[in-house]
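Residue-level listing of the chains:
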Amino acid sequence: MLLDQNPFSRRQFLGACALGAGMVASRGMGAFADPFLKILMPRDRVPLSFIIDDSTCLVNMGHYAYPQFATAWPDRAEYKKDWTKWPREIPDVFVREFGEWCGENGVKGKYSIVPNPACVGWLDRELPGWSHRQLEESLKLVRELMVPNWDIHPEMITHTRVIDLKTGRPFGDINAGTMENSYPQEDKSVDELANYLAYALRILKNCELPCEGITTPGGFGNRVKTKLPQAVFEAVRDVYGTDLPHFFKYVSDGDESAEPTLERWKHDSTD
Ligand SMILES: [Zn+2]
């Protein structure tokens, strides 16, 4: 926060703000209704975070997910791409080069790790197509190189088929109702949603990856938006004991504010 067109110099005001910062934190922006004052970003710069979706260990989600998307939504042109020509792997040498470059240049953000990527395998067990050692090394790379600068999120369990938590297998029918991108198609309780999220989080915990939030795959939760915040809160707290869990779901366009919103409080009065 800095003075704009005021009798104090910027430096004088910054000195005073060292005392005032606690008040802003506790009383919010409303504490500064004075027209001479305005709230600026830290260091007067716009903070940027790099939000990476659909990442995981080794598995190229596009190659494995597209045939599943094409089966569930046969009329959608975007899923008719020739996925057979896409590489099956995102190599760790690439992740290492990317992660090191980001580390050297101060780039931070969110990095998804899909725990059962496109149903190919379970990151805390086996990844068919890769040796156990390759899986272990890939997880180690994420733990050592990415975790210090990136929030790790599950992007639900598979990002493709919905898993039946009673059996650990995908549901038999293949349609919009059994794809995570459009799940659920009918109302679900907070507990049901929280159980699903916690299942994903536990796999990442088994992999010794820390998580303070989740990312919704595609339109996951669109029909239960008022329940999702509480479900995230309960699931992340239950598995990781996080004080203030968060989730990424909504995209802000144009001039819309990208400030975090307290979704759980927003819906408290209605659910
Ligand atoms: Zn995604």
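See the structure printed just above.
Sequence order sets the numbering: in each chain, residues are counted from 1 along the sequence as written. Totals for whole chains, interfaces and linings use all residues, but because this is a predicted model, local features are given only for residues with pLDDT of at least 70 and pairs of side-chain atoms are given and counted only at 80 or more. Hydrogen atoms and water are omitted, and side-chain values are computed over all heavy atoms in the structure.

A. Local environment of the pattern of salt bridges. One side-chain nitrogen of Lys or Arg within 4 Å of one carboxyl oxygen of Asp or Glu is enough to make a salt bridge. All chains considered together, the criterion is met by nine salt bridges. One salt bridge in this structure joins Lys-140 and Glu-144, with 3.6 Å as the shortest N-O distance. Taken together, the residues span about one helical turn, with Lys-140 and Glu-144 both in helix H4 (residues 132–146) at a distance of four residues. On the basis of relative accessibility, which here comes to 42%, the residue Lys-140 falls in the partly exposed class. To sort residues, take the accessible area from a 1.4 Å probe on protein chains only and compare it with the maximum for the residue type: under 20% means buried, over 50% means exposed, and anything in between is partly exposed. Owing to a relative accessible area of 52%, Glu-144 belongs among the exposed residues under this scheme. A salt bridge links Asp-187 to Lys-227, with the shortest nitrogen-to-oxygen separation between them at 3.0 Å. Placement of the pair is Asp-187 in the loop between strand E7 (169–170) and helix H5 (190–206) and Lys-227 in the loop between strand E8 (213–215) and helix H6 (228–240), with a sequence separation of 40 residues. Classification of Asp-187 as exposed rests on a relative accessible area of 55%. Going along the chain from the N terminus, every DSSP run of H or I of four or more residues is numbered as a helix, and every run of E of two or more is numbered as a strand.

B. Highlighting H5. Any helix carries an expected span of 1.5 Å times its number of residues minus one. The end-to-end C-alpha distance of H5 is 24 Å, a good match for the 24 Å that 17 residues give at a rise of 1.5 Å each. Along H5, the positions that sit buried rather than exposed are Leu-193, Ala-194, Tyr-196, Leu-197, Ala-198, Ala-200, Leu-201, Ile-203 and Leu-204. Looking at the buried side of H5, the elements it contacts are strand E5 (150–153), strand E6 (163–164), E8 and H6. Phi turns positive one or two residues past the end of H5, at Glu-208, with a value near 60°. Here, residues are in contact when the closest pair of their heavy atoms is within 4.5 Å.

C. Spotlight on H4. Between its first and last C-alpha atoms H4 spans 20 Å; for 15 residues at 1.5 Å apiece the expected length is 21 Å, and the two agree. Three or more residues of H4 are buried, namely Leu-135, Ser-138, Leu-139, Leu-141, Val-142, Leu-145 and Met-146. Buried residues of H4, seen end-on, are gathered within an arc of 155° and therefore sit on one face of the element. Away from its buried face, by an angle of more than 90 degrees, H4 presents the exposed residues Arg-133 and Glu-144. Taken together, the buried residues of H4 touch helix H3 (92–104), strand E4 (109–112) and E5. Read the arc as the range of directions from the helix axis to the C-beta atoms.

D. Broad picture of unusual backbone geometry. Note that the residue after Tyr-183, namely Pro-184, is joined by a cis bond; omega there is -5°. Following the sequence through the fold, Pro-184 ends up in the loop between E7 and H5. The residue Asp-44 is not glycine, and still its phi comes out positive at about 55°. Residue Ala-118 is not a glycine yet carries a positive backbone phi of 50°.

E. View of the pairing of E4. A pair of strands is labelled paired if DSSP reports no fewer than 2 bridges between them. Looking at chain direction, strand E3 (residues 50–52) and E4 are connected through three bridges and run parallel. Bridge pairing in E4 places Ile-51 opposite Lys-110. Strand direction decides the pairing type here: E4 and E5, joined by four bridges, are parallel. If you follow Lys-110 over to E5, its bridge partner there is Asp-151.

F. Representation of the packing of aromatic side chains. When two rings of Phe, Tyr or Trp (its six-membered ring) have centres within 6.5 Å they constitute a pair, described as stacked for plane angles under 30 degrees, edge-to-face for angles over 60, and tilted for the intermediate range. Counted under the stated rule, the structure contains 15 aromatic pairs. Ring centres of Tyr-66 and Trp-86 lie 4.9 Å apart, and the angle between their planes is 75°; on these two criteria the pair is classed as edge-to-face. Highlighted residues: Tyr-66 in helix H2 (residues 61–72) and Trp-86 in the loop between H2 and H3, separated in sequence by 20 residues. Residue classification places Tyr-66 among the buried residues on the basis of a relative accessible area of 17%. The ring of Trp-130 is capped by Arg-88, whose NZ or CZ atom sits 4.3 Å from the centre of that ring. Whether a charge lies above a ring is judged from NZ of Lys or CZ of Arg, which has to be within 6 Å of the ring centre and within 35 degrees of the ring normal. Lys-205 extends its terminal NZ or CZ atom over the ring of Tyr-240, reaching a point 5.8 Å from the ring centre.

G. Seen up close, the nonpolar core. Grouped together as the largest cluster of nonpolar side chains are 58 residues, with contacts concentrated most on Tyr-111 and Ile-113. Sorting the residues of this core by element identifies H2, H3, H4, E5, H5 and H6 as the ones contributing at least two each. The biggest single contributor to this core is H5, with nine residues. The definition of a nonpolar core used throughout is a set of buried Ala, Val, Leu, Ile, Met, Phe, Trp, Tyr and Cys residues joined through side-chain atoms within 4.5 Å.

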